[in-house]
Amino acid sequence: MRHGNLFVISGPSGAGKGTLVARLLQEVPDAWVSRSVTTRAPRGGEVDGVHYQFASDEEFQNLVDHEGLLEWATYAGNRYGTPRATVEEHMAHGEQVVLEIDVQGAFQVRDKMPAAHLVFVEPPSLEVLEERLRGRGTETDEVIAKRMDAAAVELSHKMEYDMRLVNDNLDEATAELVRYVNEQAEEARG
Ligand code: 5GP
């Protein structure tokens, strides 16, 4: 069994983090991904308790007030947070815990847990990013504009991450991420 480690995956919405993390889970048997709480409305096809734990503003505030969140942030007008207890449990069980969160959350995690490994997923270009966001077909122009603004802010922080990968080829990006996670996990074991 390996020691528990914490991996934070950030990058603009539409960069393909979700797909990469799903691939990582298939390839690294002791990887586990945290499920966030959000006040955002579910998109078509999203299921409460699977993609997110969807919460009202009041429920979210209650978690903040009772220190139930390891980190939280407001992103494009909605609040998102990582439940603390499940992350701690899975780390204690020696798992490779993955958080798919924004840059504000990533730096809060680094402050609290300096051993966390921060990975930034870059889209091949801003044009590709916008195409992907439009391609989802689920978001209004206003939401897309907000997400493009947020993307510019996120990209300005990429050099503060421990590792960057460009998601222009899914197989290669997955292989790079899997290699990084395994290397860090093995190092921590030694
Ligand atoms: P989306 O609305 O596209 O699902 O997510 C928007 C952004 O919020 C993404 O960058 C995503 O990584 C981030 N996010 C999701 N969950 C959390 C969380 O628990 N904490 C923080 N800080 N960001 C999150």
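Remember, it's a predicted structure, so these values are computed and weren't measured experimentally. (Residues numbered from 1 in each chain as written. Predicted model: local features only at pLDDT ≥ 70, side-chain atom pairs only at ≥ 80, totals over all residues. Heavy atoms only, no water.)

A word on the site of the ligand
In the region of the ligand, 19 residues are neighbours, and Ser36, Arg40, Tyr52, Tyr80 and Asp102 sit closest. One of the side-chain nitrogen or oxygen atoms of tyrosine 80 is found 2.5 Å away from an oxygen atom of the ligand. Contact with the protein chains hides 96% of the accessible area of the ligand, taken as 510 Å² for the molecule alone. Judged by the proximity of its atoms to the pocket grid, the ligand belongs to the largest pocket. Listed by contribution, the elements that provide at least two residues to the shell around the ligand are β5 (69–75), β6 (78–83) and α6 (141–155). Split by residue class, the shell around the ligand holds 5 nonpolar, 6 polar and 8 charged. (Near = heavy atom within 4 Å. Polar contact = N/O pair within 3.5 Å; in protein donor to acceptor, adjacent residues only side chain to side chain. Areas by Shrake-Rupley, 256 points an atom, 1.4 Å probe, with all protein chains shown as cover. 1 Å grid on protein atoms, 1.4 Å probe; cavity = no way out; pocket = protein on both sides within 12 Å on 5 of 7 lines; lining within 4 Å. Sits in = over half its atoms within 2 Å of the grid points. Helix = DSSP H or I, 4+ residues; strand = E, 2+ residues; numbered from the N terminus. Nonpolar A, V, L, I, M, F, W, Y, C, P; charged D, E, K, R; others polar.)

Details of the layout of surface pockets
Counted as a void, the largest pocket has a volume near 900 Å³. Around the largest pocket, the lining comprises 34 residues; the ones closest to its centre are Lys17, Gly18, Arg43, Tyr52 and Glu100. At the level of elements, α1 (17–27), β5, β6, α5 (126–136) and α6 are the ones that each hand at least two residues to the lining of the largest pocket. Counting residues per element, the lining of the largest pocket draws most heavily on α1, at 6 residues. Looking at the lining of the largest pocket residue by residue, the classes come out as 11 nonpolar, 11 polar and 12 charged. Its boundaries defined by the atoms lining it, the second largest pocket holds a volume of some 180 Å³. Forming the walls of the second largest pocket are 14 residues, and the residues nearest its centre are Arg40, Asn78, Glu139, Val143 and Arg147. With 4 residues, the single largest contributor to the lining of the second largest pocket is α6. (Points joined across faces, edges and corners; volume = space filled by probe spheres on them.)

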